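Chain by chain, the residues run as shown.
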Amino acid sequence: MPRNPIHRFWRSPVLPFVESRMARDSSACYAPHSHTSLSIGAVDGGRSVFQHGNKTQSLSRGDVVLIPAGDVHACNAQDDGQWSYQMLYLDPHWVRAVVGEMDSFDAQVLQHLPRHTAPQHLHTRLTELNHCLFGDAPVQDKEAALLLFVGDLFGSVQARRSHAQPDATRLRGVQAMIQARCTETLTLDEMAAQACMSRYHFVRSFKRSVGLTPHAWQLDQRIQRARHLLKQGMGLAEAALHLGFADQSHFQRAFKQRVAATPGDYLRNILQD
């Protein structure tokens, strides 16, 4: 018996250059159409028929299609059945800005995308990205995940080799800046400029070197600062405000994730020592 379909959409006014969609057990039919966005679709279950130009191709779980902006296409469940899929819609101008940060050669990659299936490992990467986008991760982490996904997808081997050895001195300079200004909301643009790197290469190099995205590491530094402030006698509400947390519940949640105790428990244990 056919199951009830589920359709979910994600978008954010803070990241207006991207939109995502997830569908489960869908039997919706699409007439041939086009998008103003660069579209990336992945099949999660069932079988579908992808039509592009005069070509028709059968797709199954793990297959990924890349559809340039403006290209007419259609993708529907095979034999009028049900299928599950993900779609990521990217502003091509934003993508070109990210890719163009690498070098002039890479900016041309967008004109030579494979128009049908991409490597199946891309399905896993897209699934991980959508898990981040649809989840409750901070918007800074979502932006970093998007930059990594787009940069890795469209970056050429040549560009990756040219940046294979990140400048450790520049990254240490950014870490020092984050430590000194961990209570502020630092943007990726600001941190990448401090490192003299593109946003994509900064996020990629920082995570490779440090093990966390820049925003996640800044949050970690805030919690380290919080431990010091609490030991110095600062109250919980004052510490949360001083460290730039949106509210005390956000502060408590971030603290417990990294200390395995609430700030109150931590403070009580400190006072008992």
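Residues numbered from 1 in each chain as written. Predicted model: local features only at pLDDT ≥ 70, side-chain atom pairs only at ≥ 80, totals over all residues. Heavy atoms only, no water.

(A) Spotlight on the sheet that holds strand β4 (residues 48-52). Across the sheet, which stays open at both edges, the 3 strands sit in the order β5-β4-β7 with antiparallel pairing between neighbours. Two strands bound the open sheet, and with one partner strand each, they are β5 (55-59) and β7 (73-77). Here the average twist between neighbouring strands, direction ignored, is 20°. Alignment of β4 against β7, held across 5 bridges, turns out to be antiparallel. (Pairing = 2+ DSSP bridges. Helix = DSSP H or I, 4+ residues; strand = E, 2+ residues; numbered from the N terminus. Axes fitted to C-alpha atoms, helices over the stretch in contact; angles between N-to-C directions.)

(B) Highlighting the environment of alanine 74. Relative to the helices and strands, alanine 74 resides in strand β7. According to the relative accessible area criterion, alanine 74 is buried, its value standing at 0%. Sequence separation between alanine 74 and glycine 53 is 21 residues; the distance between their C-alpha atoms is 9.5 Å. (Buried < 20%, exposed > 50% of the residue type's maximum accessible area, 1.4 Å probe, protein only.)

(C) The arrangement of the nonpolar core in detail. Leu88, Leu90, Trp94, Leu146 and Phe202 are the most contacted members of the largest nonpolar core, which totals 43 residues. Among the elements that line this core, the one with the most residues is helix α4 (residues 139-154), at 7 residues. Leave out the neighbours within four places in its chain, and tryptophan 94 touches Phe17, Leu146, Leu147, Val150 and Arg199. Membership of the second largest hydrophobic core comes to 15 residues, among which are Ile223, Leu229, Ala239 and Phe245. (Core = buried A, V, L, I, M, F, W, Y, C linked by side-chain atoms within 4.5 Å. Contact = heavy atoms within 4.5 Å.)

(D) Quick look at the pairing of strand β3 (residues 38-45). Within β3, 8 of the 8 residues are buried, which leaves the element mostly enclosed by the surrounding structure. Taken together, the 7 bridges between β3 and strand β8 (residues 83-90) define a ladder with antiparallel strand orientation. Following the sheet pairing, valine 43 is matched in β8 by tyrosine 85. Taken together, the 4 bridges between β3 and strand β6 (residues 64-67) define a ladder with antiparallel strand orientation. Counted as the bridge partner of glycine 41 is valine 65 from β6.

(E) Summary view of the confidence of the model for the protein. Of the residues in the protein, 85% reach a pLDDT of 70 or more, and the chain-wide mean stands at 82. Confidence, read as mean pLDDT per element, is least for helix α2 (residues 104-107) in the protein (34) and greatest for helix α7 (residues 188-195) (93). Residue range residues 102-113 is modelled with pLDDT below 50. Its contacts to residues more than four positions away, or to other chains, number 25 contacts. Contacts from residues 156-165, a stretch scored under 50 in pLDDT, to residues over four places away or in other chains number 16 contacts. (pLDDT = per-residue confidence, 0-100.)

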